[in-house]
Amino acid sequence: MSIKLNCRYLEKFLSEADYQSIADEVTAAHSQLYENKASAAGNAYHGWLTLPEDYDKEEFARIKKAARKIRSDSKALVVIGIGGSYLGARAAIEFVKSKNYNLVEENGPKIFFTGNSISPTEISEILNYCRSCDFSVNVISKSGTTTEPAIAFRLFKKLLEEKYGKAEAAKRIYVTTDRVKGTLKALADSEGYEEFVVPDGVGGRYSVLTAVGLLPIAAAGVDIDALMNGAADAMRRYEKGDLYTNDCCRYAAIRNLLYRKGKKVEMMVSFEPDYTLMNEWFKQLFGESEGKDGKGIFPASAIYSTDLHSMGQYVQEGERILFETVVDFRHPKCDIGIEADDVNADGLNFLAGKTLSFVNKKAYQGTVLAHCDGDVPVIILEVDRPDAYNLGELFYFLEKTCAVSGYILGVNPFNQPGVESYKKNMFALIGKPGYEEMKQDLEKRIEE
């Protein structure tokens, strides 16, 4: 088992009676997940449950072929998408390869993620880089009309066509969109772009193991076969809905028990900077799934030991509203030895002969003990190593935990009605047709 839930630092916060009190709710929530999958309505959001085994094998082969082409003919790949359409892929690349992938990778294209903001500075920088090298674009959107990625795609499509001509540009555009409908699907059909599918049964934040995530991940040289194998093993391992034998269910139970005891914030932390974007993926997954109906644990994150020098004081002695989930890797990607220094001006010669991983591990252990002593509940997720197989298992583990946890909380973990509120206001303020009356009202409120 490559992922293990370690609850040893929860003993002062949760009793066996607490676990027993929620056991039936866990079983019911797990059953609800599979019952909804079997229903016609629920199946629209539960396709990820069996995805690691029943994914489209023909499309998977085309993804690997397209990735090989991108790696052979492009110095850069521009991935255009927002939310679940980019977070999972970027998190995977940094988790398996490096947070500094674009600096250290020598055998594959630089990968830039855009269309996730409307910052002219960010988009201009990537456009300027692509003007001087061969590049390809992977645009990811179910509809093709989401504002941020649609604007970015318009700009990069124009650059591709200016640089290569329309026919050759079409060979460098890869579209991941709806199977049968939508603006982007129609454009891809008419222009002859290679197409991949955003499955109907998989919501955006659960889509990393579909073409949404797999094409950019494969283009970075990550072994997507190993990724899917890890997820498939997790699917089988966490199939039964019992909090005593299924760590997904136990983690979901722990989160809800702590929430009921006033712990409203969960900080996911790691002592590896390459986990930074996994933290961001986690925040979308849990925030968008649980934050509704006036409920929900607020997902936050930190990278230690870096953030111990900024947020550490609050975590140790601030208001007791949070708990931590610490992702610990048993084996790092590499290690560095510490040698003795003749002058020893920094007084660190006592570490001579030790490794950086040894010091990092002791920082992790010391931090967990300190925070536990400071009345912060600490959950440990032990992961064997940061590779593709373990990442596949971790993706599935967190997705299933989130779904079960949401049902225990009493919300629908597969919708996001609140996301539409800002969009309507933005459409009105930028002058989108049909929003004229709303625009006048909003502008009046801004002026007041």
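Structure's up top.
Caption draft 1: Quick look at the sheet that holds strand 5 (residues 173–177). Pairing in this open sheet of five strands is parallel, and the strands run 3-2-4-5-6 from one edge to the other. Each of the sheet's edge strands pairs with one partner strand only, and the pair in question is strand 3 (110–114) and strand 6 (194–197). When strand polarity is set aside, the average angle formed by the axes of neighbouring strands in this sheet is 20 degrees. By the bridge criterion, four bridges tie strand 4 (residues 135–140) to strand 5 in an arrangement that is parallel. Bridge assignment links Val-139 to a residue of strand 5, and that residue is Val-175. Most of the contacts of helix 9 (residues 183–191) go to strand 5, to which it runs at about 145 degrees, and overall it touches strand 4, strand 5 and strand 6.

Caption draft 2: Up close: a negative patch on the surface. Together, Glu-437, Asp-441, Glu-447 and Glu-448 make up a region of like negative charge exposed at the surface. Relative to the helices and strands, Glu-448 is located in the segment after helix 18 (436–447). You can call Glu-448 exposed: its relative accessible area is 70%.

Caption draft 3: Region of the structure containing the packing of helix 4 (residues 87–96) against helix 16 (residues 388–409). At a minimum axis distance of 10 Å, the contact between helix 4 and helix 16 shows a crossing angle of 140 degrees. In terms of orientation, helix 4 and helix 16 fall into the oblique class. Here the hand of the crossing between helix 4 and helix 16 comes out right-handed. Touching Gly-88, Ala-92, Phe-95 and Val-96 of helix 4 are Ala-388, Leu-391, Leu-394 and Phe-395, all from helix 16. For the contact of helix 4 with helix 16, the class distribution of residues is seven nonpolar, one polar and no charged.

About the cut-offs
Residues numbered from 1 in each chain as written. Predicted model: local features only at pLDDT ≥ 70, side-chain atom pairs only at ≥ 80, totals over all residues. Heavy atoms only, no water. Pairing = 2+ DSSP bridges. Helix = DSSP H or I, 4+ residues; strand = E, 2+ residues; numbered from the N terminus. Axes fitted to C-alpha atoms, helices over the stretch in contact; angles between N-to-C directions. Contact = heavy atoms within 4.5 Å. Patch = residues over 30% accessible without salt bridge, like charges linked within 9 Å, V, L, I, M, F, W, Y side chains within 5 Å. Areas by Shrake-Rupley, 256 points an atom, 1.4 Å probe, with all protein chains shown as cover. Salt bridge = Lys/Arg side-chain N within 4 Å of Asp/Glu carboxyl O. Lys, Arg positive; Asp, Glu negative; His and termini not counted. Charge placed at Lys NZ, Arg CZ, Asp CG, Glu CD. Buried < 20%, exposed > 50% of the residue type's maximum accessible area, 1.4 Å probe, protein only. Parallel < 35°, antiparallel > 145°, perpendicular 65-115°, else oblique. Left-handed = near helix turned anticlockwise from the far one by under 90°. Nonpolar A, V, L, I, M, F, W, Y, C, P; charged D, E, K, R; others polar.

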